[in-house]
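Residue strings, one per chain:
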Amino acid sequence: MTDAIERARTALSDAGAVVVLTGAGVSAESGVPTFRGAGGLWKEFRPEDLATPEAFARHPRVVWEWYAWRRTLVSACLPNAAHRVMAERALRRGNVTIVTQNVDGLHARAAREAAGDADPTAALPLEVHGSLLRDRCSRCGARSEPVTVDATSEATLPRCARCGGLLRPDVVWFGEMLDQGVIGSADAAATTADVCLVVGTSALVHPAASLPLRTRAQGGVVIEVNPEETPLTRVAEISIRGLAGDVVPVLIGETA
Ligand code: BV8
Ligand code: ZN
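Residues numbered from 1 in each chain as written. Chains lettered and ligands numbered in written order. Predicted model: local features only at pLDDT ≥ 70, side-chain atom pairs only at ≥ 80, totals over all residues. Heavy atoms only, no water.

1. Regarding the packing of aromatic side chains
In this structure the tally under the stated criterion is eight aromatic pairs. Their ring planes at 50 degrees and their centres at 6.5 Å tell us that Trp-42 and Phe-174 sit as a pair that is tilted. With Trp-42 in helix α3 (residues 41–44) and Phe-174 in the loop between β6 (167–171) and α9 (180–192), this residue pair connects regions lying 132 residues apart in the sequence. Taking the relative accessible area as the measure of exposure, Trp-42 reaches 14% and is therefore buried. Consider the rings of Phe-45 and Trp-69, whose centres lie 6.4 Å apart with planes at 50 degrees: the pair is tilted. Of this pair, Phe-45 sits in the loop between α3 and α4 (47–50) while Trp-69 sits in helix α6 (residues 60–75), and the two are 24 residues apart along the sequence. Among the residues examined, Trp-69 registers a relative accessible area of 40% and is labelled partly exposed. Over the ring of Trp-66 we find Arg-70, and its NZ or CZ is 4.5 Å from the ring centre. The ring of Trp-173 carries the charged tip of Arg-168 above its face, separated from the ring centre by 3.8 Å. (Phe/Tyr/Trp six-rings, centres within 6.5 Å; stacked < 30°, edge-to-face > 60°. Helix = DSSP H or I, 4+ residues; strand = E, 2+ residues; numbered from the N terminus. Buried < 20%, exposed > 50% of the residue type's maximum accessible area, 1.4 Å probe, protein only. Lys NZ or Arg CZ within 6 Å of the ring centre and 35° of its normal.)

2. A word on helix α1 (residues 3–14)
Taking 1.5 Å as the rise per residue, α1 with twelve residues should run 16 Å; its terminal C-alpha atoms sit 16 Å apart, in good agreement. Looking only at α1, the buried set comprises Ala-4, Ile-5, Ala-8, Arg-9, Ala-11 and Leu-12. For α1, the angular spread of buried residues about the axis comes to 165 degrees, placing them on one side. Pointing more than 90 degrees away from the buried face of α1 are the exposed residues Asp-3 and Asp-14. Tucked inside the fold, the buried residues of α1 contact β1 (18–22), α7 (81–93), β7 (195–199), β8 (221–225), β9 (238–240) and α11 (244–252). (Expected span 1.5 Å × (residues − 1). Arc of directions from axis to C-beta. Contact = heavy atoms within 4.5 Å.)

3. Observations concerning the layout of surface pockets
The space that makes up the largest pocket amounts to roughly 880 Å³. Every residue lining the largest pocket is counted, 44 residues in all, and those nearest its centre are Ala-24, Phe-35, Arg-36, Thr-201 and Ser-202. The element best represented in the lining of the largest pocket is α6, accounting for three residues. Split into classes, the residues belonging to the lining of the largest pocket amount to 23 nonpolar, 15 polar and six charged. When we break the lining of the largest pocket down by domain, the ones giving at least three residues each are domain 1 (1–32 + 79–129 + 176–256) and domain 2 (33–76 + 134–171). (1 Å grid on protein atoms, 1.4 Å probe; cavity = no way out; pocket = protein on both sides within 12 Å on 5 of 7 lines; lining within 4 Å. Points joined across faces, edges and corners; volume = space filled by probe spheres on them. Nonpolar A, V, L, I, M, F, W, Y, C, P; charged D, E, K, R; others polar. Domains from an automatic or database assignment.)

4. So, α11
Buried within α11 we find Ala-244, Gly-245, Val-247, Val-248, Leu-251 and Ile-252. On the buried face of α11, the contacting elements are α1, α2 (25–28), α7, β7, β8 and β9.

5. Thoughts on the environment of Thr-215
By the secondary structure assignment, Thr-215 is in helix α10 (residues 211–217). Owing to a relative accessible area of 0%, Thr-215 belongs among the buried residues under this scheme. Sequence separation between Thr-215 and Val-96 is 119 residues; the distance between their C-alpha atoms is 14 Å. Setting aside chain neighbours within four positions, we find Thr-215 in contact with Val-19, Ala-190, Ala-193, Val-195, Cys-196, Gly-220 and Val-221.

6. Details of the pairing of β8
Most of β8 sits out of view: five of its five residues are buried. Residues of β8 alternate between two faces, with Val-221, Ile-223 and Val-225 on one and Val-222 and Glu-224 on the opposite face, all of them buried. Regarding the hand of the β-α-β motif, the stretch spanning β7, α10 and β8 is right-handed. As paired strands, β8 and β9 are joined by three bridges and run parallel to one another. If you follow Glu-224 over to β9, its bridge partner there is Ser-239. (Right-handed = clockwise from strand over helix to strand, strands pointing away. Pairing = 2+ DSSP bridges.)

7. Focus: the site of ligand 1
Of all residues adjacent to ligand 1, which total 32 residues, the nearest are Phe-35, Arg-36, Tyr-67, Thr-201 and Ser-202. Taking Tyr-67, its side chain carries an N or O atom lying 2.7 Å from an oxygen atom of ligand 1. Arg-70 is positioned with one of its side-chain polar atoms (N or O) 2.8 Å from an oxygen atom of ligand 1. In isolation ligand 1 offers 1500 Å² of accessible surface; the protein chains occlude 74% of this area. Because more than half of its atoms lie within 2 Å of the grid, ligand 1 is assigned to the largest pocket. Of all the secondary-structure elements, those providing two or more residues to the shell around ligand 1 are α2 and α6. When residues of the shell around ligand 1 are sorted by domain, at least three fall in each of domain 1 (1–32 + 79–129 + 176–256) and domain 2 (33–76 + 134–171). (Near = heavy atom within 4 Å. Polar contact = N/O pair within 3.5 Å; in protein donor to acceptor, adjacent residues only side chain to side chain. Areas by Shrake-Rupley, 256 points an atom, 1.4 Å probe, with all protein chains shown as cover. Sits in = over half its atoms within 2 Å of the grid points.)

By themselves these figures say nothing about function.
Below you can see the structure in the form of structure tokens.
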């Protein structure tokens, strides 16, 4: 076991409070494509063409076509070992706040599966960019369970049962404010954590990317798990080159 992994295990084991920040990399081994890496979604599509309110206003059918495809893809994916051990640790120790930039619902699914008949709350993530598995009315804001979207024409796009407004995926697009309650809770967790474990993010999207800096600013330890270097690598006290599914169970699994 490398020295970095040993030091990370010790810091995580000794920690009073842990905040975990995850990005698309934690779901890569579940088969969910990332955004910026090789084969990433932004290689094939342009974010400004699909993940902005302007794009949705201009061509809602194309935007829905992309999100409906992602929703179908994600619904067939399963949580991997990294999602599972994070949920199990959060339920076991009660001192872990899971913050995710992902909209794939896999952390929440791992929490419910790990909890079984018990209360999953301690392992449910703060989804700072919303969820692909929820709809929201673009007119009145009402949230609803996801519908099967027929994006073959604008006339078949889903509409709000309450006001008839066009439904949209309940995710945060570029240029949109994050839910202040959610990002506020994430910031509070980061500001009081002894350790911030950052798994599978390119650390390019704000304000999520600044959460580890909040932990470091108050003397906490930042640990990064990523096969590649990122802008956070020089900020992290411990940076481990590796895959989430391999490294996270070693860092916080049952035996850790
Ligand atoms: C806001 C939509 C303000 C949902 C997403 C200039 C400087 C700083 C900030 C800005 C700026 N210009 C504009 C901004 C603000 C902007 C931003 O940060 N832009 C960046 C790109 C420069 N932010 C915003 O617009 C945010 N809102 O700031 O509002 C405001 C104020 C007032 C009034 C109005 C507004 C909103 C941000 C949310 C945007 N929505 N997606 C969706 O469709 O999914 S962001 C998108 O990127 C995804 O949601 C994703 O969550 C996010 C981050 O990507 P990652 O998760 O990190 O994924 P990525 O592919 O990049 O990286 C994967 C990593 O995993 C890699 O490092 C890879 O090496 C690693 N990996 C791969 N395999 C594995 C692995 N790791 C471990 N194991 C593996 N197996
Ligand atoms: Zn409505």
